[in-house]
Amino acid sequence: MRLKVVLLGEGRVGKTSILFRYIRNEFQEKQQSTLQASYMDKKIKVGTTTAQLSVWDTAGQERFHALGPIYYRDADGALLVYDITDSESFTKVRKWVKELRKIVGGDINIVIAGNKIDLERNRQVEEKEVLEYAKSVGATHFYTSAKQNLGLEECFTDLATKMVQQNLTKLQGLAGGFQPKGGKSKLVVVDDTGEGKKSSGGGGCC
Amino acid sequence: MLRKLTLGSRRDDDYGERDENENGVVNGTLKPGEGFLPDYEDEGDAIVKSEFLSGDDRERSKSANSYKGKLEETNESNGNDAINGSASNGNYFHGRSSLGDDLGVDDDDSDQEPDDEEVLSDMERDSKGNFLDERRTTVAGGDNTSYSSKEVEAPLTDKYGFIIDPKNQTGSSGGARTTQVTISEKEKARRAEVEALRTTKWLAMIKDWDNIKDTKRTRNRIRKGVPDKVRGLVWNLLGNVPTLIKENPGRYTELCESTHIPSQDIRDTILRDINRTFPRHAMFAKEGEGQDSLRRVLVAYSLYDEEVGYCQGLGFITAMFLTYMPEEEAFWQLVGIMNHGPCCMRGLYEDGMPEAQKVLYIGEKLIKKFFPRLTKHLGRQNCHISMYATQWFLTIFTNTFPFDMVTQVWDCFLAEGWKIVYRVMLTFIRYSAPKLFRLEFEQIMFFFKQLPGAIDGPLLMEKAFGIPLKTRHIEHYSKKFDTLNPDIANRVQIKEQKKKEQEERIKKEIEEAEARGEGGVLTTTLSIPLAEL
């Protein structure tokens, strides 16, 4: 099963670093700005299902979307990244949720990552605000640090689990729903308005 | 318009007397098989040899200058600076070394006739004379080394200012760094010798620039690469920078000191990019003068051209300029490449990035034209040009490729415009094709990610001029794009037309109002914001 994930968020929040750490276990202290969507993949096991995560990293500046809405148009999941030391970057997460709902619809699974948790002492984004917001839009929230390799496995596993379940449900839809063995979370259903949420996937997990 | 030159004397026989058709130029395009080949093309062996040489990293480190050393050299040369014009900021990396030393070098006949290069009927099958370092393009996973920056007073750098860190010479992330290709000491020495000879020639050419700038000989020499010591100055001349500064005295300072500031969004985007632009270059690795200059130039440009403001990508180009020239020159060089021919880059960065869409289209069609079978393979793998070439075009290769290639591309780009960009792109594809045929999507993506680390710049450039690309090919696809996308093609005219119509309407209304004796209408009419257009 092939699952497409797109990494989105304000510039400098650490999208590229998260990707390199998660997929290749590399970390570059000095990472350049990303100018074009770039691709990496990784096999991941969810219960008995082996899925291939195809992850697209994107440029942070909004202007670049003119060149590549294709990267998130048919995505199964989105990892929206913000930097806990940069309140502006969280505002961008809200914009992205709206944009994704508009372009992709309610089906896309969203996980929000508060990156750079190693810089907790410089935190600018209130935890309460974030958790409430994540819950309200049916997203899971994780704290991560690409630098110290914290929270990334959990973050991607959660996203993958949701995507696998969604896909299996779709495939087995005729049989009236299917629960894969070993699946931990329940199916996340997100409605278009982003208001009510019908599953238990949301909330903080930190 | 020329800055004062005090060193050396021009050799009258150095240029201008030879047959300008020596390289087979016909109407600005290359005849197939008559490429502009660098001097050392004659030494055919050198190319082949240099591909398979064994490396010696110790030698590489030994031959590198320290950044501190560079700065000292810079300061010393201020006194009798040959090419220091209106420079007020002495922070740039190149171009201020003592040029006099090179004047004693005897001129030779290095502008030899190029060898006839046979055009290969099937370029896709050809990988002869590959400039790729095979060891750097292996697709199997890379190293897992971690890297943490160290506080070093004066890091070792290569000649372009990129920091040499033996622990961090490989890896596929992080961006531009010093070249990862190993070149033999013999080849290095040969290249240095050629560079010294060229410097002598260029010093003489610069003094007589107005007379020789449009000659084919000059163009050929540009194609062979402008020597690094005079590069900043030559780039300024090619970009008409002295004229721009003369026509806009004090404008840059005004913009820097302006109380008018760019929008929050633009300012934020600039600031987010400053320490992510060439973080492995000695000038930009840490907070300090280099980063400050970069920020000032980018902010000034965002005020100069509010419609573009700032777009990611501009930072890399500006930073590269700053390594070769003072801040004010770098600003005007940027203004030049954005707004004037032959580069005209601003459409790449405008909202909607219309020209970026266009060059990607042209690039895609050119690849299809020259490599139809490979195009099919890439198509089957769902591998679209925007996935690998976007940043090549947006920064003209500046953000990831080694500077021995980047600067030479820019020599030519500043003089002739976009053709060289497509040439280089086609060269990558040509020599990668045999590999690409065997790869699937994931591996193709990884291949392109690793490509910059495998490039030997001078060798690549030499191959690029052997690509039988013609200006009319580019024009053909350019027109086709315009036909398919009339809104993008005519956006400037549409915008201007609307503006003109509105201005005329306002003028008419004012006239009518005045005829009726109602002066007060003026203010209400003008309150329609032009920006809404």
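The name recorded for chain B in an unreviewed UniProt entry is Rab-GAP TBC domain-containing protein, from Triparma laevis f. longispina.

Chain A has the name Ras-related protein Rab-21 in an unreviewed UniProt entry, where Triparma laevis f. longispina is given as its organism. You can read under Subcellular location (unreviewed entry) in the UniProt record for chain A the words "Endomembrane system".

Participant: Let's hear about the pairing of strand E1 (residues 2–8) of chain A: which residues, and what values?
Facilitator: Residues and elements named next belong to chain A. For E1, the tally of buried residues reaches six of seven residues, placing the bulk of the element in the interior. Pairing of E1 with strand E3 (residues 49–57), which is carried by five bridges, proceeds in the parallel orientation. For leucine 3, the partnering residue across the bridge sits in E3 and is leucine 53. In this structure, E1 lies alongside strand E4 (residues 77–83), joined through four bridges in parallel fashion. What sits directly across from leucine 7, in E4, is leucine 79.

Participant: With reference to specific residues and values, describe the packing of aromatic side chains.
Facilitator: Evaluated as defined, the whole model comprises 39 aromatic pairs over all chains. Residues phenylalanine 90 of chain A and tyrosine 133 of chain A carry aromatic rings whose centres are separated by 5.7 Å and whose planes lie at 85° to one another, so their mutual orientation is edge-to-face. Separated by 43 residues along the polypeptide, phenylalanine 90 of chain A in helix H3 (residues 87–103) and tyrosine 133 of chain A in helix H4 (residues 127–136) bring together distant segments of the chain. You'll find phenylalanine 90 of chain A and tyrosine 133 of chain A in the same group, each marked buried. Geometrically, the ring pair formed by phenylalanine 413 of chain B and tryptophan 418 of chain B is edge-to-face, given 5.4 Å between the ring centres and 90° between the ring planes. No difference in accessibility class separates phenylalanine 413 of chain B from tryptophan 418 of chain B, as the two residues are buried. In this structure an aromatic cluster arises from ring pairing among Trp235, Phe321, Tyr324, Phe393, Trp410, Phe413, Trp418 and Tyr422 of chain B. A cation over a ring is seen here: lysine 42 of chain A above tyrosine 22 of chain A, with NZ or CZ 4.3 Å from the ring centre.

Participant: Account for unusual backbone geometry, with residues named and values stated.
Facilitator: With an omega of 0°, the peptide bond running from glycine 341 of chain B to proline 342 of chain B counts as cis. Following the sequence through the fold, proline 342 of chain B ends up in the loop between helix H13 (327–339) and helix H14 (346–349).

Participant: Account for the packing of helix H1 (residues 15–24) of chain A against helix H5 (residues 152–171) of chain A, with residues named and values stated.
Facilitator: Residue and element names in this part refer to chain A. The geometry of H1 relative to H5 is characterised by a closest axis approach of 10 Å and an angle of 90° between their N-to-C directions. Considered as vectors, H1 and H5 are oriented roughly perpendicular to each other. Here Ile18, Arg21 and Tyr22 of H1 come into contact with H5, specifically with Leu152, Glu153 and Phe156.

Participant: Give a description of a positive patch on the surface that names residues and reports values.
Facilitator: Residues and elements named next belong to chain B. Taken together, the side chains of Lys368, Lys376, Arg380 and Lys480 define a basic patch exposed on the protein surface. Relative to the assigned elements, arginine 380 resides in helix H16 (residues 372–380). By relative accessible area, which is 61% here, arginine 380 ends up exposed.

Participant: Give a description of the UniProt feature "domain: Rab-GAP TBC" (unreviewed entry) in chain B that names residues and reports values.
Facilitator: UniProt records the feature "domain: Rab-GAP TBC" (unreviewed entry) for residues 225–417 of chain B in the present numbering. Within the segment residues 225–417 of chain B, helix and strand shares are 65% and 0% respectively, and the terminal C-alpha atoms sit 15 Å apart.

Participant: I'd like a rundown of the pairing of E4 of chain A, residues and numbers included.
Facilitator: All names here are of chain A. The buried fraction of E4 amounts to seven of the seven residues, a majority that puts the element mostly inside the structure. Across the two faces of E4 the burial is the same, with Gly77, Leu79, Val81 and Asp83 and Ala78, Leu80 and Tyr82 all buried. Here seven bridges tie E4 to strand E5 (residues 109–115), and the two strands are oriented parallel to one another. When the bridges of E5 are listed, leucine 80 appears paired with isoleucine 112. Once you follow E4 into H3 and on to E5, the crossover reads as right-handed.

Participant: Kindly report on a negative patch on the surface, identifying the contributing residues and their values.
Facilitator: A grouping of Glu509, Glu511, Glu512 and Glu514 of chain B is seen on the molecular surface, where their side chains present a negatively charged patch. Inspection of the secondary structure assignment puts glutamate 512 of chain B in helix H24 (residues 491–516).

Participant: Run through the side chain of arginine 24 of chain A, naming residues and quoting values.
Facilitator: Residues and elements named next belong to chain A. Its place among the elements puts arginine 24 in helix H1. By relative accessible area, which is 11% here, arginine 24 ends up buried. At 3.0 Å, the side chain of arginine 24 and the side chain of glutamate 26 are in polar contact.

What counts and how
- Residues numbered from 1 in each chain as written.
- Chains lettered and ligands numbered in written order.
- Predicted model: local features only at pLDDT ≥ 70, side-chain atom pairs only at ≥ 80, totals over all residues.
- Heavy atoms only, no water.
- UniProt positions renumbered as here; feature names shortened; annotations may be inferred.
- Buried < 20%, exposed > 50% of the residue type's maximum accessible area, 1.4 Å probe, protein only.
- Helix = DSSP H or I, 4+ residues; strand = E, 2+ residues; numbered from the N terminus.
- Pairing = 2+ DSSP bridges.
- Phe/Tyr/Trp six-rings, centres within 6.5 Å; stacked < 30°, edge-to-face > 60°.
- Lys NZ or Arg CZ within 6 Å of the ring centre and 35° of its normal.
- Axes fitted to C-alpha atoms, helices over the stretch in contact; angles between N-to-C directions.
- Parallel < 35°, antiparallel > 145°, perpendicular 65-115°, else oblique.
- Contact = heavy atoms within 4.5 Å.
- Patch = residues over 30% accessible without salt bridge, like charges linked within 9 Å, V, L, I, M, F, W, Y side chains within 5 Å.
- Areas by Shrake-Rupley, 256 points an atom, 1.4 Å probe, with all protein chains shown as cover.
- Salt bridge = Lys/Arg side-chain N within 4 Å of Asp/Glu carboxyl O.
- Lys, Arg positive; Asp, Glu negative; His and termini not counted.
- Charge placed at Lys NZ, Arg CZ, Asp CG, Glu CD.
- Right-handed = clockwise from strand over helix to strand, strands pointing away.
- Polar contact = N/O pair within 3.5 Å; in protein donor to acceptor, adjacent residues only side chain to side chain.

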